[in-house]
Amino acid sequence: MSESAKIIIDGKTYEFPVITGSEGEKGIDISELRKQTGYITLDPGYGNTGCCKSSITFVDGEKGILRYRGIPIEQLAEHSTFVETAYILIHGSLPNEKELTNIRVMLNDNSLIHEDMQIFFQNFPRSSSPMGILSAMVNTLRSFYPELMDSEEDIELTFLRLLSKARTMAAMSYKISKGHKVVYPRPDYTYCANFLNMMFDSPVKPYIIDEDLVEALNTFWILHADHEQNCSTAAVKVVGSGKVNIYASISAGIAALWGQLHGGANQAVIMMLSDILKNGGSVDQVISRAKDRNDAFRLMGFGHRVYKTYDPRAKIMKSTCDRLLSKFNIDDPLVDIAKKLEEVALKDAYFIDHNLYPNIDFYSGIVLRVLGIPTNMFTVMFAIGRLPGWIAQWKESIDDPDWKISRPRQIYTGPNENNYIPILKRK
Ligand code: SDX
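Residues numbered from 1 in each chain as written. Predicted model: local features only at pLDDT ≥ 70, side-chain atom pairs only at ≥ 80, totals over all residues. Heavy atoms only, no water.

Enquirer: Give me the lowdown on the domain arrangement of the chain, citing residues and values where you can.
Expert: Partitioning the chain into domains gives domain 1 (66–262 + 384–399) and domain 2 (269–371). For domain 1 and domain 2, the distance between their C-alpha centroids amounts to 27 Å. On the domain 2 side, the residues contacting the 20 residues of domain 1 number 19 residues. Summed over both sides, the interface between domain 1 and domain 2 buries roughly 1600 Å², with carbon and sulfur atoms accounting for 71% of that surface. On inspection of domain 1 and its partner domain 2, the count reaches three residue pairs in polar contact (both at pLDDT 80 or more). Put simply, the parts of the chain that give the side of domain 1 that touches domain 2 at least two residues each are α2 (73–79) and α9 (211–224). Here the element with the most residues in the side of domain 1 that touches domain 2 is α9; it accounts for nine residues. Looking at the side of domain 1 that touches domain 2, its residues break down into nine nonpolar, five polar and six charged. (Domains from an automatic or database assignment. Contact = heavy atoms within 4.5 Å. Buried area = accessible area lost by both parts, 1.4 Å probe. Polar contact = N/O pair within 3.5 Å; in protein donor to acceptor, adjacent residues only side chain to side chain. Helix = DSSP H or I, 4+ residues; strand = E, 2+ residues; numbered from the N terminus. Nonpolar A, V, L, I, M, F, W, Y, C, P; charged D, E, K, R; others polar.)

This is the structure:
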């Protein structure tokens, strides 16, 4: 017997089916609501509204659980690599040796970008935001690689081309912004090692690959790889629902991630911690501003739409941060301020009452600083990490038989009908 929910409107009872997910989450299917009742629902920010059924990522915000295709994030962070995690998200299963080798070869074979694209990078103003450049250049990939989705091979090629070239473009835009010689990817380096080498190798100071830094980058990107229907993934799917190509859809996701409340928070956390340091290191003023309802200031790296407990990714990021700082014997004053801020906030009634805990962005910036990534590229690092999730979610939606073009409704609150008044008759 399938479950249903009854709604009584104007004395009449309506019944709608209840969908139960594999982890017991329940949803009322209201796809017939307006047709049957004339009513729509209203849910600003969609905090109570599901847009789809998905088998990719599971988040339990109350228990602080995150799993990709059922595998706990803690296990992936400890045992997997970013490339293998990308395969799991996109293909839905752990790759065997042959499949993993194949994906690695394809990522290498598609790691260069068309030489004509370099001119685009050279003509962006040096002060351009790397997120604006990345969004524009991912969109431009469509012009250089028009073959798209006519066969399973094309689909796989397009996904891996995007995953590999976005990383190359990010490093290239950094080098060109500095006026430095572009470094090409190397066939003997892994995905993450290649990125670090393309960012920091120089003819006068060869970059030495450090396996601990490569491992930290793998962990960083694994933690960012997907997160169900977050703002930028929703943007990718809304744009994709119009049957536009994947490059344009992902470009929209990069634009959405740019925002300070979303992927831009990792940069904002470092700015916030640096300001605290500049003002003498006391966290009290920031804490009181965050609690002041008349102040638009938010504690960056804290709070989450779904997690109402400690973000499991933040825990892993914090231990990665501690491991790196002790290995390289770095005394970063920002991490001491971050820990102090966390300690004070987690004891404060406001944060406890509002279920505000550190999220993925709170410690991620410290890890990126150890890797040598410039602050204005922090959100680009988030974007590269999120590529497999965007790709997997985009693919799942276009393959979904129930999928339709996204077109939310509204409750109109504007003026009722009135007439046009010729200019000479207006007051
Ligand atoms: C990411 O969705 C995802 O999965 C995103 C992400 C992913 O992997 O894709 O996890 C990545 O975007 C993480 C979040 C990064 N953003 C930040 O760290 C920015 C700071 N955080 C806040 O802006 C906020 O917590 C949000 C945007 C993350 C979530 O906001 P919500 O769910 O819309 O909550 P809200 O703004 O409605 O706030 C509810 C209450 C309010 O107080 P009241 O008006 O009810 O009294 O909590 C307060 C808010 O003032 N609040 C905060 C706060 N976050 C919420 N107060 C101070 N500081 C904060 N950080």
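There's more to say after this.
Enquirer: Could you give an account of the sheet that holds strand β3 (residues 26–28), with specific residues and numbers?
Expert: The strand order β1-β2-β3 describes an open sheet built from three strands, whose pairing is antiparallel. In the strand order of this sheet, the two ends are held by β1 (4–9) and β3, each with one partner. For this sheet, the mean inter-axis angle between neighbouring strands, taken without regard to orientation, is 30°. One ladder, built from three bridges, connects strand β2 (residues 12–20) with β3; its direction is antiparallel. Across the sheet, the residue bridging to V18 is I28, located in β3. (Pairing = 2+ DSSP bridges. Axes fitted to C-alpha atoms, helices over the stretch in contact; angles between N-to-C directions.)

Enquirer: Account for unusual backbone geometry, with residues named and values stated.
Expert: Located in the positive-phi region is K243, a residue other than glycine, with phi close to 65°. Among the structural elements, K243 can be located in the loop between α10 (231–240) and α11 (246–257). You will see that N329, though not glycine, has its phi angle at about 50°, which is positive. Note on placement: N329 falls in the loop between α14 (312–327) and α15 (333–347). Residue N329 is classed as exposed on the basis of its relative accessible area of 70%. (Buried < 20%, exposed > 50% of the residue type's maximum accessible area, 1.4 Å probe, protein only.)

Enquirer: Give a description of the site of the ligand that names residues and reports values.
Expert: Looking at the ligand, there are 23 residues lining it, with H227, L261, H304, R313 and R386 nearest. Note that a nitrogen atom of the ligand is positioned 2.9 Å from one of the backbone N or O atoms of L299. At 2.8 Å, a side-chain N or O of R305 approaches an oxygen atom of the ligand. Protein burial of the ligand: of its 1000 Å² of free accessible surface, 79% is covered by the chains. Considering only residue class, the shell around the ligand consists of nine nonpolar, eight polar and six charged. When residues of the shell around the ligand are sorted by domain, at least three fall in each of domain 1 (66–262 + 384–399) and domain 2 (269–371). (Near = heavy atom within 4 Å. Areas by Shrake-Rupley, 256 points an atom, 1.4 Å probe, with all protein chains shown as cover.)

Enquirer: Tell me about empty space enclosed by the protein, residues and numbers included.
Expert: Per the stated rule, a full pass over the model turns up two cavities of 30 Å³ or more. Volume-wise, the largest cavity comes out at about 70 Å³. Lining the largest cavity are F121, F124, P125, R126, I133, S173, I176 and S177. Counting residues per element, the lining of the largest cavity draws most heavily on helix α7 (residues 152–178), at three residues. Among the residues making up the lining of the largest cavity, the classes are represented as five nonpolar, two polar and one charged. (1 Å grid on protein atoms, 1.4 Å probe; cavity = no way out; pocket = protein on both sides within 12 Å on 5 of 7 lines; lining within 4 Å. Points joined across faces, edges and corners; volume = space filled by probe spheres on them.)

Enquirer: Summarise the packing of aromatic side chains; cite the residues concerned and give the values.
Expert: The full count for this structure, using the stated rule, is twelve aromatic pairs. Measuring from centroid to centroid gives 6.4 Å for Y174 and F200, while their planes differ by 75°, and the two rings are edge-to-face. Taken as a pair, Y174 in helix α7 and F200 in helix α8 (residues 191–200) lie far apart in primary sequence, 26 residues in all. The class of Y174 is buried, set by a relative accessible area of 14%. Taking 5.2 Å as the distance between ring centres and 80° as the angle between the ring planes, the aromatic pair formed by Y350 and F351 counts as edge-to-face. Judged by relative accessible area, which is 22%, Y350 ranks as partly exposed. (Phe/Tyr/Trp six-rings, centres within 6.5 Å; stacked < 30°, edge-to-face > 60°.)

Enquirer: Got a sec to walk through the side chain of T85? Specific residues and values, please.
Expert: Within the fold, T85 resides in helix α3 (residues 82–91). By relative accessible area, T85 is classed as buried at 1%. A distance of 3.2 Å separates the side chain of T85 from the side chain of S80, its partner in a polar contact. Apart from residues lying up to four places away in sequence, T85 is in contact with Y68, L76, S80, I222 and A225.

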